[in-house]
Amino acid sequence: MSRIPAGLLYLTIYNPTFHPVTETPSEDDEDAEEQSHILFYTARERAVSRDRMLRQVGLAKALINFSEMFNADEQCENVHSQTRRMIMVSPEPNYWIHACFEVAKTPRSTQMKTKNKEKAKVKGKGKNKENVLPQEVTYDYHDGSIHDLALRAHILCGYEQFKLTHGSFDSILSSIGQQALELQLERFFTMWAWKWDIEEDTDFGSFLGVPVHLFHRNLTPLIDGIASKLPQDTPAFVLMPPYVIPSSKFTASGFPSSLTRHILSRIPPSPPVAATSISPSSKSNPVPVPDDNGGTSDDAGQQTAQGKKPQDGIPGSPAGTFLAMPNVNLDVRQFKWNWPGYLTFGKQSSAKPSAVSVALPDASQTAVGEADQQGKPDQATEGDEKTLSVGAVEVDKESLQEAMSSHGIPTSSSLNTSPASSSKLLDNPQEIQGATGTNDDTPEVDSTIPDIPVVEDGIEISSPNTTDDAVPSPLSIPSLAPDREIAEDVPPKPLPTFLPTTVHLAHTMNGTDTHKRRVWHITSNSLTFALVTEYEYDASVELLPMAQQIIDVLSDMQRIIAEEQKKAETYNAMPTATKILQPEDEHIISTGDYTKSSSSGFTSKSEHLFNGQQLLQSGLEVTEVFSRGLNPQHWHIAKRGLGVDRDNNDIEGAVYMEVARKESSLNDVDNELAGIVRKFVQ
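For clarity, every value in this text was computed on a predicted model and none was experimentally measured. (Residues numbered from 1 in each chain as written. Predicted model: local features only at pLDDT ≥ 70, side-chain atom pairs only at ≥ 80, totals over all residues. Heavy atoms only, no water.)

**A few points about the packing of helix H3 (residues 148-165) against helix H8 (residues 257-266)**
Working step 1: At a minimum axis distance of 9 Å, the contact between H3 and H8 shows a crossing angle of 75°. Regarding the angle of H3 to H8, the classification is roughly perpendicular. On the side of H3, the interface is formed by Glu160, Leu164 and Thr165, while H8 contributes Ser258, Leu259 and His262.
Working step 2: Class assignment of the residues belonging to the contact of H3 with H8 gives a composition of two nonpolar, three polar and one charged. (Axes fitted to C-alpha atoms, helices over the stretch in contact; angles between N-to-C directions. Helix = DSSP H or I, 4+ residues; strand = E, 2+ residues; numbered from the N terminus. Parallel < 35°, antiparallel > 145°, perpendicular 65-115°, else oblique. Contact = heavy atoms within 4.5 Å. Nonpolar A, V, L, I, M, F, W, Y, C, P; charged D, E, K, R; others polar.)

**Overview of the pattern of salt bridges**
Working step 1: Scanning the model with the defined rule gives 15 salt bridges in all.
Working step 2: Ionic pairing is found between glutamate 672 and arginine 661, a salt bridge with its closest N-O pair at 4.0 Å. You can see glutamate 672 sitting in helix H19 (residues 666-681) and its partner arginine 661 sitting in the loop between strand E21 (654-659) and H19, a full 11 residues away along the chain.
Working step 3: Judged by its relative accessible area of 34%, glutamate 672 is partly exposed.
Working step 4: A residue is classified by how much of its surface remains accessible, and arginine 661, at 12% relative accessible area, is buried. (Salt bridge = Lys/Arg side-chain N within 4 Å of Asp/Glu carboxyl O. Buried < 20%, exposed > 50% of the residue type's maximum accessible area, 1.4 Å probe, protein only.)

**Concerning unusual backbone geometry**
Working step 1: Between proline 241 and proline 242 the backbone carries a cis peptide bond, its omega angle lying at 5°.
Working step 2: The step from asparagine 631 to proline 632 runs through a cis peptide bond, and the omega angle for that step is 5°.
Working step 3: Relative to the helices and strands, proline 632 is located in the loop between strand E19 (624-628) and strand E20 (635-640).
Working step 4: The backbone phi angle of asparagine 94 is positive, close to 70°, even though this residue is not glycine.
Working step 5: Here asparagine 94 shows up in the loop between strand E4 (84-92) and strand E5 (95-102).
Working step 6: Phi angles above zero are rare outside glycine, and asparagine 525 is one such case at about 60°.
Working step 7: By the element assignment, asparagine 525 lies in the loop between strand E15 (514-524) and strand E16 (527-534).

**Focus on the sheet that holds strand E14 (residues 499-506)**
Working step 1: If you trace the five strands from one edge of the open sheet to the other, you get E10-E9-E16-E15-E14, paired in antiparallel fashion. Strands at the two margins of the open sheet, each flanked by one partner only, are strand E10 (243-246) and E14. The sheet shows a mean angle of 30° between the axes of neighbouring strands, direction not considered.
Working step 2: Relative to the sheet, H3 contacts E14 and E15, its axis offset from that of E14 by approximately 115°.
Working step 3: Sheet contacts for H8: strand E9 (236-240), E10, E14, E15 and E16; angle to E14, the most-contacted strand, approximately 160°. (Pairing = 2+ DSSP bridges.)

**Looking at the packing of aromatic side chains**
Working step 1: Within this structure, the stated rule accounts for 18 aromatic pairs.
Working step 2: Taking the centre distance of 5.4 Å and the plane angle of 55° together, the rings of tyrosine 95 and phenylalanine 169 count as tilted. Here tyrosine 95 is found in strand E5, whereas its partner phenylalanine 169 is found in helix H4 (residues 169-176), with 74 residues between them in sequence. For the residue pair tyrosine 95 and phenylalanine 169, the accessibility class agrees, reading buried in each case.
Working step 3: Plain terms: the ring middles of tryptophan 192 and tryptophan 196 are 5.4 Å apart, the flat faces sit at 40° to each other, and that makes the pair tilted.
Working step 4: Overall, the relative accessible area of 9% leaves tryptophan 196 in the buried class.
Working step 5: An aromatic cluster of at least three residues, connected via ring pairs, comprises Phe18, Phe40, Tyr95, Phe101, Tyr159, Phe162, Phe169, Phe188, Phe189, Trp192 and Trp196.
Working step 6: The side chain of lysine 105 reaches across the aromatic face of tyrosine 139, ending 4.3 Å from its centre.
Working step 7: Just above the ring of phenylalanine 680 sits the side chain of arginine 217; from NZ or CZ to the centre is 5.9 Å. (Phe/Tyr/Trp six-rings, centres within 6.5 Å; stacked < 30°, edge-to-face > 60°. Lys NZ or Arg CZ within 6 Å of the ring centre and 35° of its normal.)

**As for the environment of lysine 516**
Working step 1: Position of lysine 516 among the secondary structure elements: in strand E15.
Working step 2: Once the C-alpha coordinates of lysine 516 and threonine 533 are considered, the two residues, 17 residues apart in sequence, prove to be 9.7 Å apart.

**A word on the pairing of E21**
Working step 1: A large share of E21 lies buried, amounting to six of its six residues.
Working step 2: Burial along E21 is two-sided: the face carrying Ala654, Tyr656 and Glu658 and the face carrying Val655, Met657 and Val659 are both buried.
Working step 3: Sheet topology note: the strand E17 (residues 586-591)/E21 ladder contains five bridges and is antiparallel. Residue glutamate 586 lies in a different strand from E21, and its bridge partner there is glutamate 658.
Working step 4: Pairing geometry for E20 and E21, over six bridges, is antiparallel. Paired with histidine 636 across the two strands is glutamate 658, which belongs to E21.

Structure below.
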């Protein structure tokens, strides 16, 4: 049978100290006091009665009050049953977030029961038909499918996100009132609750903090250098998704990890990479247009005298055979192939391979060419062997010259000709008008200028080879100017701009008195420089002049990261038998709101790590937890405390490790753990 995953049943936020808005509630409404406690409620069942809602919230309040009778310092945090799990979290004084979950279950079928087994053998008779009871479905519940610490940590992450974007519950209540608080809770937690995948969003490392970059010790001095030029109360940090590189001032400020997570989600995505080349066929070949006879406009010159069109691709093949291709408009006799120099079999071997060139025909010869194409086959000349004829193309010359001039491409009027050719053009202006068929404002392109192909969108457009006596085509593309002239017209790349993000931060780590602050961030390539300022801070005065300096610092950081990665690749270039045959151990070190994992990363959803973390946080004098699973036989280690630094001060933090070698003994695992802690301290 299919397994039904764990899911959220309902989520509510309440405050038992609230009273009804009206001073004199109705005497018939006995539950008005209880209902005024509820600030937010959502359930998997869309329609929930008022009595059921009050019973669920009342049960949570009763469990909390009952546990306080035994120990007022330790409040009730969770309640387990066979089918459900209840979590109670108090992020602020007198405010409670209560959630109820259904654990994963697997249905199992039971045998159908009959009232009379003797009558079950008789079939087809009205009075003796089998009286079958409806099938009862029972479930096998999996209590280990969800863990209390994972659920509690996810709820606290949701609260921190709300607090960062809207403010604390108490600050919203004191500033804009209870109705505004209920409205903001409704807008945020409704979407947050039903986007929550209970079993998938249980990555152990994500609940410990934000990962710092592996080379943050080499990069932090660069951030401190640029941060020293900023005002004193503006801590800075750099983001390289999914890592953070905090400055010394930012680490000492004690901002929550939700701040860096929120800025990571606000970083604009990188622009898509533009296509470098386009297929020539998509640009040069026009789209066939159906005509009245069911053919296309491209087939007009290929109709035979009998009105029938021969089969394309295979001349002379009859229709109806499997080799016939009636829907493909292709005639190899109409093409003139531009073979590279190494395929000409000794002819023009000095020619260099180039892209497919499209010959733009002379407009003055277009009318004559169309009349001759109906009955005469094409005859390839020596000059045409360098081009691929794709049919006549009509081009608006004035629009073409305007477009070329707007892109910095010199037109025929701006070409530098020789003195002889210039005098020739000035002495015979009538030849220009007679040859081109246009007014006197359009000068003639001197034929002595060598043809330089123009490449547009991956297609090389070149004019046909002409002699001195040939009339220049009005559609010929002039030669390009040197690259230095084009580069002068290209504007410099603008600097990235600072983007503001409004957040609500408290002055203390766990304070509820939040105030508006702003985070200004600028992104260059894959790095984002951000700094926290006051809400009234004007970035245009102090930050804009430093934009170029910040971009230079980010470039230096990218260079250092590339060098360090190259060193790491060189160190790991020679694989050993141990690296090939044995899986790599994974570990993660948690220090406050930041984490540092192994080079391969740390992803684990093992319940052994959650159990080890729960023992370390239980208040008992437990410093190390070693556990081993049965299938697979992996080691899971949790250790509190990271030793002492050079000044003999205790280093706060914890390390969690997962060893996937089943042949490792307890001593081997302990030595691996000691080596990781020693390397981190150094």
